[in-house]
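# A closer look at the structure
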Amino acid sequence: MTEQALELRPVRTRILTDKDNIVDAIERYAKDDIGPNDVVSVAESVVAITQGRVVRPEELTPSLLAQILCRFVPQKGSLSSVYGMQSAMNAEGSGRVAWAMFVGMLGKLVGRNGLFYELAGEQAALIDDVTGTMPPFDKHLVYGPADPNGVAQAIKERLGCYGAVVADVNDLKRAAVLGVTHGLNPKEIAQILIDNPFGNASQKTPIVIIKNYGLAVQKAAAQ
């Protein structure tokens, strides 16, 4: 199967908040566009926002350890800020994050990159620092969503689509599927979304429908 054979259809919404239910929002804004052969994808940061998984920097008390560790993170990373690092430590534990940083630095000495994020826990890789999402949540840190597989399954059951995913995609051509319904290949879906069709800022398109995915699967199986 090739992504060129598929249509990616972004769906515009209003700004979604912790007062919203993400499945209700998808039904409200996208129901008429979703068919039984489509895959519904939704941006993980918006799922997390609707779950209330946000915190303002002023609600955090950065520790000395957070102030030290954040200096070892590249500036583009969310954990390069003391508040981002503290939020990761609150989510995954200070000891775990510190140990991951130590092992990660040793790994870099022998050419092994990425150990920190492998060891520090899921939230360390998923936290978005302030300005990482749309207003008014650009003044918040946003954690990764809770139970993304359950969210994806709830979307599929409500909308009757072929499948659903919760995806983490950015403009640097990095894509990961955090939650997925049974029968979908998360790596394949991530590749389809690699050019980031989502618009979580002024575009307000946190939902993307992958049209006719089921038909493409059937066609590929028949060949």
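Residues numbered from 1 in each chain as written. Predicted model: local features only at pLDDT ≥ 70, side-chain atom pairs only at ≥ 80, totals over all residues. Heavy atoms only, no water.

If you check an unreviewed UniProt entry, the protein appears there as F420-0:Gamma-glutamyl ligase from Sporomusa malonica.

This next bit is on the side chain of Asn-196. With respect to the helices, strands and loops of the structure, Asn-196 is situated in the loop between α9 (186-192) and β7 (207-211). On the accessibility criterion, Asn-196 (14% relative accessible area) is buried. Those residues in contact with Asn-196 that sit more than four places away from it in its chain are Val-169, Asn-170 and Asp-171. (Helix = DSSP H or I, 4+ residues; strand = E, 2+ residues; numbered from the N terminus. Buried < 20%, exposed > 50% of the residue type's maximum accessible area, 1.4 Å probe, protein only. Contact = heavy atoms within 4.5 Å.)

Residue position: Phe-102 is located in helix α5 (residues 94-109). Considering only alpha carbons, one finds Phe-102 and Phe-116, 14 residues apart in sequence, at a separation of 8.0 Å.

Turning our eyes to something else, we now look at the packing of aromatic side chains. If you walk through the whole model with that rule in mind, you get 3 aromatic pairs. Here the aromatic rings of Trp-99 and Phe-102 are separated by 5.8 Å at their centres, their planes lie at 35°, and the arrangement is tilted. Highlighted residues: Trp-99 and Phe-102, both in helix α5, separated by 3 residues, approximately one helical turn. Under the relative-accessibility criterion, Trp-99 is labelled exposed at 54%. An angle of 55° between the planes, with centres 5.9 Å apart, marks the rings of Tyr-162 and Tyr-213 as tilted. Residue Tyr-162 is located in the loop between α8 (148-159) and β5 (163-169), and its partner Tyr-213 is located in helix α10 (residues 213-222); the two are separated by 51 residues in the primary sequence. What makes Tyr-162 partly exposed here is its relative accessible area of 26%. (Phe/Tyr/Trp six-rings, centres within 6.5 Å; stacked < 30°, edge-to-face > 60°.)

Here, UniProt's "domain: Coenzyme F420:L-glutamate ligase-like" (unreviewed entry) annotation points to residues 11-67. Across residues 11-67, the secondary structure splits into 35% helix and 14% strand, with the terminal C-alpha atoms separated by 40 Å. (UniProt positions renumbered as here; feature names shortened; annotations may be inferred.)

Between helix α1 (residues 22-30) and α8, whose axes approach to 10 Å, the crossing angle comes to 35°. Here α1 runs over α8; the crossing is right-handed. Each of Ile-22, Val-23, Asp-24, Ile-26 and Glu-27 in α1 lies in contact with α8, whose residues at this interface are Val-151, Ala-154, Ile-155, Arg-158 and Leu-159. Partitioned by chemical class, the residues of the contact of α1 with α8 number 7 nonpolar, no polar and 3 charged. (Axes fitted to C-alpha atoms, helices over the stretch in contact; angles between N-to-C directions. Left-handed = near helix turned anticlockwise from the far one by under 90°. Nonpolar A, V, L, I, M, F, W, Y, C, P; charged D, E, K, R; others polar.)

Below, the discussion takes up the pairing of strand β6 (residues 175-180). Across 5 bridges, the pairing between β5 and β6 is antiparallel. Counterpart to Ala-167 in the pairing with β6 is Val-177. Counted along the chain from β5 to the antiparallel partner β6, the turn is 5 residues long, and its residue Lys-173 has a positive phi close to 60°. (Pairing = 2+ DSSP bridges.)

Attention now goes to α8. An ideal rise of 1.5 Å per residue puts 16 Å on 12 residues; α8 measures up with 17 Å between its terminal C-alpha atoms. Of all the residues in α8, the buried ones are Pro-148, Val-151, Ala-152, Ile-155 and Leu-159. Seen end-on, α8 carries its buried residues on one side only, within an arc spanning 100°. Each element contacted by the buried residues of α8 is listed here: α1, β2 (39-43), α2 (44-50), β5 and β6. Immediately beyond the C-terminal end of α8, within one or two residues, lies Gly-160, with a positive phi of roughly 70°. (Expected span 1.5 Å × (residues − 1). Arc of directions from axis to C-beta.)

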